[in-house]
Amino acid sequence: MKVFTIQWVRAAGMRAIKTMAQTALASIGTTQATLGDINWVMVMSTSVVAGIVSVLTSLAGLPELKTG
């Protein structure tokens, strides 16, 4: 598997977006009960870090791209 091909970028990007969305939902769900009490900066920064970690983890390999 070659890293940084169009297929790899698409798969890693989709995985990172899903990870960021899941992290945002978890952060919102565990912070406060009302929308006015949510620390949006914390939610966004946590989600961005999760997306970066997802891309870095994707460097080790993406099962979606395995052929066999």
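For the structure itself, consult the block above.
We now turn to the structure provided with this report. Predicted model only: the values in this text are computed from it and were never measured. Along every chain, residues carry numbers that run from 1 in the direction the sequence is written. Two thresholds apply to this predicted model, a pLDDT of at least 70 for residue-level local features and 80 or more for giving and counting side-chain atom pairs, whereas whole-chain, interface and lining totals are computed over all residues. Side-chain descriptors were evaluated using all non-hydrogen atoms of the structure, hydrogens and water having been removed beforehand.

1. A few points about the packing of helix α1 (residues 6-31) against helix α2 (residues 40-58)
- In this analysis an axis means a line fitted to C-alpha atoms, helices contributing only their contacting stretch, and an angle means the value between N-to-C directions, from 0 to 180 degrees. Think of it this way: any DSSP run of H or I at least four residues long counts as a helix, any run of E at least two long counts as a strand, and we number them from the N terminus. The contact between α1 and α2 brings their axes to 8 Å, and the two run at 150°. The two elements α1 and α2 meet at a crossing, and its hand is right-handed. Contacts from W8, A12, R15, A16, T19, M20, T23, A24, S27, I28 and T31 in α1 reach W40, M42, V43, T46, S47, V48, A50, G51, S54, V55 and S58 in α2.
- Residue composition of the contact of α1 with α2, by class: 12 nonpolar, nine polar and one charged. In this scheme, a crossing is called left-handed if the near helix is turned counterclockwise away from the far one by less than a right angle; it is called right-handed if the turn is clockwise. The contact criterion used throughout is that any non-hydrogen atoms of two residues lie within 4.5 Å. Note on residue categories: nonpolar means Ala, Val, Leu, Ile, Met, Phe, Trp, Tyr, Cys or Pro, charged means Asp, Glu, Lys or Arg, and polar means any other residue, Gly included.

2. Brief notes about α2
- For α2, built from 19 residues, the straight-helix expectation of 27 Å at 1.5 Å per residue is met to within 8% by its first-to-last C-alpha distance of 27 Å.
- Where α2 is buried, its residues touch α1. Residue count minus one, scaled by 1.5 Å, sets the expected span of a helix.

3. Things to note about the environment of V53
- Looking at where V53 falls in the secondary structure, it is placed in helix α2.
- On the basis of relative accessible area, V53 is assigned to the partly exposed category, the value being 46%. The rule is simple: take the accessible area with a 1.4 Å probe, protein chains only, and divide by the maximum for that residue type; under 20% is buried, over 50% is exposed, in between is partly exposed.

4. Observations concerning the side chain of S27
- Of note, S27 is situated in helix α1.
- Judged by relative accessible area, which is 9%, S27 ranks as buried.
- If near-sequence neighbours (up to four positions away) are discounted, S27 is found in contact with V43 and T46.

5. A few points about the environment of A16
- Mapped onto the elements, A16 comes out in helix α1.
- On the basis of relative accessible area, A16 is assigned to the buried category, the value being 7%.
- Distance in space between the C-alpha atoms of A16 and S47 is 9.5 Å, their sequence separation being 31 residues.
- Non-local contacts of A16, meaning those with residues more than four positions away in its chain, are made with G51, S54 and V55.

6. Quick word on the side chain of S47
- Along the chain, the position of S47 falls in helix α2.
- The term polar contact refers here to a pair of N or O atoms within 3.5 Å; inside protein, the definition further demands a hydrogen-donor-capable atom paired with an acceptor-capable atom, and it admits residues adjacent in sequence only when both atoms are side-chain atoms. From its side chain, S47 meets the backbone nitrogen of A24 in a polar contact 3.4 Å long.
- Not counting chain neighbours up to four residues away, the residues in contact with S47 comprise M20, T23 and A24.

7. What about a nonpolar patch on the surface?
- Patch building starts from residues that exceed 30% relative accessible area and form no salt bridge, then joins like charges within 9 Å and nonpolar side chains (Val, Leu, Ile, Met, Phe, Trp, Tyr) within 5 Å. Where accessible areas are quoted, they stem from the Shrake-Rupley method and a 1.4 Å probe; at the residue level, only the protein chains shown are allowed to cover. Think of a salt bridge as a Lys or Arg side-chain nitrogen and an Asp or Glu carboxyl oxygen that are within 4 Å of each other. A cluster of nonpolar side chains, namely V3, F4, V9, V48, I52, L56 and L59, defines an oily patch on the protein surface of about 630 Å² accessible area.
- Relative to the helices and strands, F4 resides in the segment before α1.

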